[in-house]
Amino acid sequence: MKLCRFIYDEKPCLGVLKGETVYQIKEKNLFGSITTVGAGIPLNKIKFMCPTGPKTIFAVGLNYKDHAYEMNMKLPKSPLIFLKAVSSLTPHKSFILKPNQTKELSFEAELAVVVKKRCKNISVSMAAEYILGYSIVNDVTARDIQRIESQWTRAKSFDTFCPYGPVIETDISKVKGKIRSYINGRIIQDGMLFNMIFSPFEIFSYLSHQCTLEAGDIIATGTPKGVTTVKPSETVIIEIEGIGRLENKVLDEDKYII
């Protein structure tokens, strides 16, 4: 089941995506049983929101061997955790704004784990019980800033630096294939999810032993090799087999008019 949040008739709604149609649900949140109601709404009538409103955005660095090698960094012995500011969230089909402070805007295609319910100290074997599903995150990064600072928060937390969505696939067994990124239709990254150093369940368990996870929080699980820079006017698409596509166009912040 593909869960989503969207704007329809100028109102926020919750729903289930089936093909090119969204069906509203009667429940007030996405974390329990789901019952669709009414007629379906065509995608051209809605505007996607981020699927959840996380309190915390967790992320994992260097979780694919090939990406660690291309960054000339040692393989981590445990998940390398950092945070992105919640204010960096932006939905499918919205803009990524390139700030003046960076001359090297980069992006990273990542599988996102979405937390189902508040939890702490969860074993690897029990992690699936606390996962709502998988989604897509684009870990946008000011690479030149990241390179000169020991902490990554600033480089990864500018407004719009966390595109997220458009849906959450609750059947995580379907999400086990390719992860790809494109710039203007040209393939940039072409990886496989099973090439992660630490699995989503291992990352979930590890994080839960450090801090309490809340319903709706997201965990970005790292990116495969091939990360590159992106320029204003270019469109980035992240595609994960079994989930779908997350698309965002890059604009120069000076030229963006709200």
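These figures come from a predicted structure and were not determined experimentally. Along each chain, residue indices are assigned from 1 in the same order as the chain's sequence is written. Totals for whole chains, interfaces and linings use all residues, but because this is a predicted model, local features are given only for residues with pLDDT of at least 70 and pairs of side-chain atoms are given and counted only at 80 or more. Computation of side-chain values covers all heavy atoms of the structure but excludes hydrogens and water.

1. Looking at the layout of surface pockets
Stage number 1. A cavity here means a set of points on a 1 Å grid, drawn over the protein atoms and nothing else, where a 1.4 Å probe fits but cannot get out; a pocket is an open set with protein on both sides within 12 Å along at least five of seven lines, and a residue lines either one if it has an atom within 4 Å of a point. Grid points are joined across faces, edges and corners, and a volume is the space filled by probe spheres set on the points. Considering only enclosed or pocket space, the largest pocket measures out at about 160 Å³ in volume.
Stage number 2. Lining the largest pocket are 13 residues, and of these Leu17, Leu43, His92, Pro166 and Arg245 sit closest to its centre.
Stage number 3. Helix and strand definitions follow DSSP, with helices as H or I runs of at least four residues and strands as E runs of at least two, each counted in order from the N terminus. No other element matches strand β20 (residues 244-252), which puts three residues into the lining of the largest pocket.
Stage number 4. Each residue receives one of three labels: charged for Asp, Glu, Lys and Arg, nonpolar for Ala, Val, Leu, Ile, Met, Phe, Trp, Tyr, Cys and Pro, and polar for the others, Gly being one of them. Of the residues assigned to the lining of the largest pocket, the class counts are six nonpolar, three polar and four charged.

2. Observations regarding the packing of aromatic side chains
Stage number 1. Under the pairing criterion, centres of Phe, Tyr and Trp rings, with the six-membered ring standing for Trp, must be within 6.5 Å; the plane angle then separates stacked pairs below 30 degrees from edge-to-face pairs above 60, leaving the rest tilted. With the rule as written, the count across this model stands at two aromatic pairs.
Stage number 2. Considering the side-chain rings of Phe158 and Phe161, the 5.2 Å spacing of their centres and the 55° angle between planes classify their relative orientation as tilted. As far as burial versus exposure is concerned, Phe158 and Phe161 are alike and both buried.
Stage number 3. Sitting over the ring of Tyr182, Arg245 keeps its end group 5.1 Å from the ring centre. Three labels apply to residues, based on accessible area from a 1.4 Å probe with only protein chains included: buried if under 20% of the type maximum, exposed if over 50%, partly exposed otherwise in between. Only lysine NZ and arginine CZ atoms are considered, and such an atom sits over a ring when it is within 6 Å of the ring centre and within 35 degrees of the ring normal.

3. Description of the pairing of strand β19 (residues 235-240)
Stage number 1. A large share of β19 lies buried, amounting to five of its six residues.
Stage number 2. Paired strands, in this sense, are two strands between which DSSP finds at least two bridges. As defined by bridge partners, strand β16 (residues 178-183) adjoins β19 across five bridges and the pair is classed as antiparallel. From the neighbouring strand, Ile183 faces β19, where its bridge partner is Val236.
Stage number 3. As paired strands, β19 and β20 are joined by six bridges and run antiparallel to one another. What sits directly across from Ile240, in β20, is Gly244.
Stage number 4. Linking two consecutive strands that pair antiparallel, namely β19 and β20, is a turn of three residues; a positive phi of about 95° is found at Gly242 within it.

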